[in-house]
Amino acid sequence: MSEVKKTKHIDNKPIDIEKGSMKEFVPEPGKEVILSVRDLNIGFVTRGKKTHVLRDINLDVYKGETLAIVGESGSGKSVFTKTFTGMLDSNGFISSGSIMFGGMDLVSFKSDKDWLKIRGKRIATIFQDPMTSLNPLLSIGYQISEVLRLHRGMSKEEAKKEAINLLEKVKIPNAAERYKDYPFQYSGGMRQRVVIAIALACRPEILICDEPTTALDVTVQSQIINLIKELQKEYQWTTIFITHDLGVVANIADRIAVMYGGQIVEYGTVQEVFYEPAHPYTWALLCSLPQLGSKDEPLSFIKGNPPSFGKEIIGDAFAPRNEFAMNIDFVREPPIFKISESHWAKTWLLSPYAPKIKKPKVIVELHERMKQAAQELERQEGFTHEENE
Ligand SMILES: Nc1ncnc2c1ncn2[C@@H]1O[C@H](COP(=O)(O)OP(=O)(O)OP(=O)(O)O)[C@@H](O)[C@H]1O
Ligand SMILES: [Mg+2]
């Protein structure tokens, strides 16, 4: 950890240091909101001890968009989105807040019966490991048809026809033949396609993709991402795409929310977060992108460990790892500051009283480097062959 800046710029201001920040959540004007989270707090009880994991989350998800949620392992991405389908582990609890969807507050749902009308049906999730969603003992065809019969009331024949159609939609070769196969006869990438087909079967309004490609190799990864993008255009759902890899989101997302230590620390459009990132944690994430490293300088990475949820977090959770931290970061939690109607970040650096700092070189040169990285990718893709599974 570098030495803490001894600036007194903010620390000595007696009042109004939150000038320019948001105390109440202000939605972006003119957007159709499909899901709205307010002041959400989530904890767990482990061996009789309570932890406070998600802290005061506010977020609107817009209809038809692809929202990426990024952040390192343990930042709370899965815990956050699991609450949209009532899939929080049994030792987890929502201590306060609301999640509004379709005129209902999902936080008020008590039983699995309440969730039946939402989970899989209106909000579906694709997880990293397709086997968590597939039954190894049942044929692929049976598993898709079952969903169609149950959720869309189709007859056996109708369901079979539609299941083959869906397998074709997710580009399974010889769909009619492969309908009879079992999960173990499919490769990892193909199993993930089947999971997407099952999700499609219910025509969800929101599709949560929780690291859907992390377990797959790079070529298959981009094919799955392109498939999700293509199908979204046709089916017009809203995608929430969770990843710890900022590299993939430029390709798929409209907006990005960055999570750190159970909080959203920055969010904005892809352009805003990539080209005008404001939070030092986002800078650190961007600096770690392998695509942006150049041969003559070592890749930057984020030093230190994320906060421990077992202890009370005082000040800014990122402060101990933040080379730009000021004294105030260790004593007072920053509010979220408005940068534009769509761009907000939770850092004292945005206070009008903060000193002007020099951003890391990679961040200043980001635009140019991204352009070069995209050109390089295009060049490489020219040599990439079709998936061969
Ligand atoms: N069942 C549980 N009991 C106790 N703590 C939990 C439980 N599930 C999650 N947590 C805590 O919540 C934190 C956030 O977990 P979460 O799975 O949301 O992280 P994530 O951002 O999805 O990480 P990854 O990228 O590894 O999937 C974890 O660091 C862990 O401390
Ligand atoms: Mg996760």
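Examining the overall build of the protein chain
Per the secondary structure count, the protein chain includes 12 helices and 13 strands. In the protein chain, 67% of the contacts between residues at least 6 apart in sequence involve partners at least 24 apart.

Points about the site of ligand 1
Close to ligand 1 lie 17 residues; Ser-73, Gly-74, Ser-78, Val-79 and Asp-89 are nearest. Sorting the residues of the shell around ligand 1 by element identifies β2 (33–46), β3 (49–62) and α1 (77–82) as the ones contributing at least two each. In the shell around ligand 1, the residues fall into 4 nonpolar, 11 polar and 2 charged.

Focus on the packing of helix α3 (residues 140–152) against helix α6 (residues 188–201)
For the pair α3 and α6, interaxial distance at closest approach is 9 Å and the crossing angle is 15°. Considered as vectors, α3 and α6 are oriented roughly parallel to each other. The two elements α3 and α6 meet at a crossing, and its hand is right-handed. For the pair α3 and α6, the contacting residues are Ile-140, Gln-143, Ile-144, Val-147, Leu-148 and His-151 in the first and Val-194, Ala-197, Ile-198 and Ala-201 in the second. Per-class residue counts for the contact of α3 with α6 are 8 nonpolar, 2 polar and no charged.

With respect to the nonpolar core
Core analysis: the biggest nonpolar cluster contains 93 residues, and Ile-144, Ala-197, Ile-256, Ala-257 and Val-258 have the highest contact counts within it. Among the elements that line this core, the one with the most residues is α6, at 9 residues. The contact partners of Ala-257, leaving out residues within four places of it in the chain, are Leu-59, Leu-67, Ile-69, Ile-264 and Tyr-267.

Focus on the sheet that holds strand β5 (residues 92–101)
Backbone hydrogen bonds are what pair the strands of a sheet, in a parallel or an antiparallel way. Taking strand neighbours across the sheet as the criterion, the 4 strands line up as β3-β2-β5-β6 in an open arrangement whose pairing is antiparallel. Edge positions in the open sheet fall to β3 and β6 (104–105), since each of these has one partner strand only. One ladder, built from 8 bridges, connects β2 with β5; its direction is antiparallel. Across the sheet, residue Phe-44 finds its bridge partner in β5, namely Gly-92.

Quick word on the environment of Gly-92
Secondary-structure assignment places Gly-92 in strand β5. Linking Gly-92 and Lys-50, residues 42 residues apart in sequence, is a C-alpha distance of 9.4 Å.

Some remarks on the pairing of strand β8 (residues 206–210)
Most of β8 sits out of view: 5 of its 5 residues are buried. Covered by surrounding structure in β8 are Ile-206, Ile-208 and Asp-210 together with Leu-207 and Cys-209, the residues of both alternating faces. Of the strand pairs in this sheet, strand β7 (residues 123–126) and β8 are connected by 4 bridges, and their pairing is parallel. By the bridge assignment, Ile-123 is partnered in β8 with Ile-206.

Quick look at the confidence of the model for the protein chain
Looking at the protein chain as a whole, its pLDDT mean stands at 87, while 89% of the residues score no less than 70. Within the model, pLDDT remains below 50 along residues 385–389, and this stretch shows 7 contacts once partners closer than five positions in the same chain are excluded.

Description of helix α7 (residues 218–235)
With 18 residues, α7 extends 26 Å between its outermost C-alpha atoms, agreeing within 8% with the 26 Å of an ideal straight helix rising 1.5 Å per residue. Three or more residues of α7 are buried, namely Val-220, Gln-223, Ile-224, Ile-225, Ile-228 and Leu-231. Next to the buried residues of α7 lie α4 (156–169), α6, β8, β9 (238–243) and α8 (246–252). Taken from the residues just after α7, Gln-236 is the one with a positive phi, measuring 60°.

Points about α6
Helical geometry: 3.6 residues make up each α-helical turn, so side chains three or four residues apart lie on a common side. Here α6 is 14 residues long and its end C-alpha atoms lie 20 Å apart, about the 20 Å a rise of 1.5 Å per residue gives. In terms of residue burial, α6 counts as a mostly covered element, since 13 of its 14 residues are buried. Following α6 by one or two positions, Arg-203 adopts a phi angle in the positive range, close to 50°.

Quick notes on the packing of α6 against α7
Two elements in contact, α6 and α7, have axes separated by 10 Å at closest approach and are oriented at 15°. Here α6 lies roughly parallel to α7, going by the angle between them. The handedness of the crossing between α6 and α7 comes out as right-handed. Residue-level contacts link Gly-189, Gln-192, Arg-193, Ile-196 and Leu-200 of α6 to Val-220, Gln-223, Ile-224, Leu-227, Ile-228, Leu-231 and Tyr-235 of α7. For the contact of α6 with α7, a count of residues per class yields 8 nonpolar, 3 polar and 1 charged.

Some remarks on unusual backbone geometry
Phi at Asp-56 is positive, roughly 50°, even though this residue is not glycine. With respect to the secondary-structure elements, Asp-56 resides in strand β3. Judged by the 17 C-beta atoms lying within 10 Å of it, Asp-56 falls in the partly exposed class. The residue Gln-236 is not glycine, and still its phi comes out positive at about 60°. Relative to the assigned elements, Gln-236 resides in the loop between α7 and β9. Gln-236 sits in the exposed class, given 11 other C-beta atoms within 10 Å.

Overview of the environment of Val-364
Within the secondary structure, Val-364 is located in helix α11 (residues 361–364). Along the sequence, Val-364 and Tyr-275 sit 89 residues apart, while their C-alpha atoms lie 8.4 Å from each other.

Thoughts on the pairing of strand β4 (residues 66–70)
For β4, the tally of buried residues reaches 5 of 5 residues, placing the bulk of the element in the interior. Burial along β4 is two-sided: the face carrying Thr-66, Ala-68 and Val-70 and the face carrying Leu-67 and Ile-69 are both buried. For β4 and β9, the ladder comprises 5 bridges, and the chain directions are parallel. Within the sheet, the bridge partner assigned to Leu-67 lies in β9 and is Ile-240. Pairing between β4 and strand β10 (residues 255–260): 4 bridges, direction parallel. Paired with Val-70 across the strands is Val-258, a residue of β10.

Parameters and conventions
Residues numbered from 1 in each chain as written. Chains lettered and ligands numbered in written order. Predicted model: local features only at pLDDT ≥ 70, side-chain atom pairs only at ≥ 80, totals over all residues. Helix = DSSP H or I, 4+ residues; strand = E, 2+ residues; numbered from the N terminus. Contact = placed C-beta atoms within 7 Å. Near = placed C-beta within 6 Å. Nonpolar A, V, L, I, M, F, W, Y, C, P; charged D, E, K, R; others polar. Axes fitted to C-alpha atoms, helices over the stretch in contact; angles between N-to-C directions. Parallel < 35°, antiparallel > 145°, perpendicular 65-115°, else oblique. Left-handed = near helix turned anticlockwise from the far one by under 90°. Core = buried A, V, L, I, M, F, W, Y, C linked by C-beta atoms within 7 Å. Buried ≥ 20, exposed ≤ 12 C-beta atoms within 10 Å, placed from the backbone. Pairing = 2+ DSSP bridges. pLDDT = per-residue confidence, 0-100. Expected span 1.5 Å × (residues − 1).

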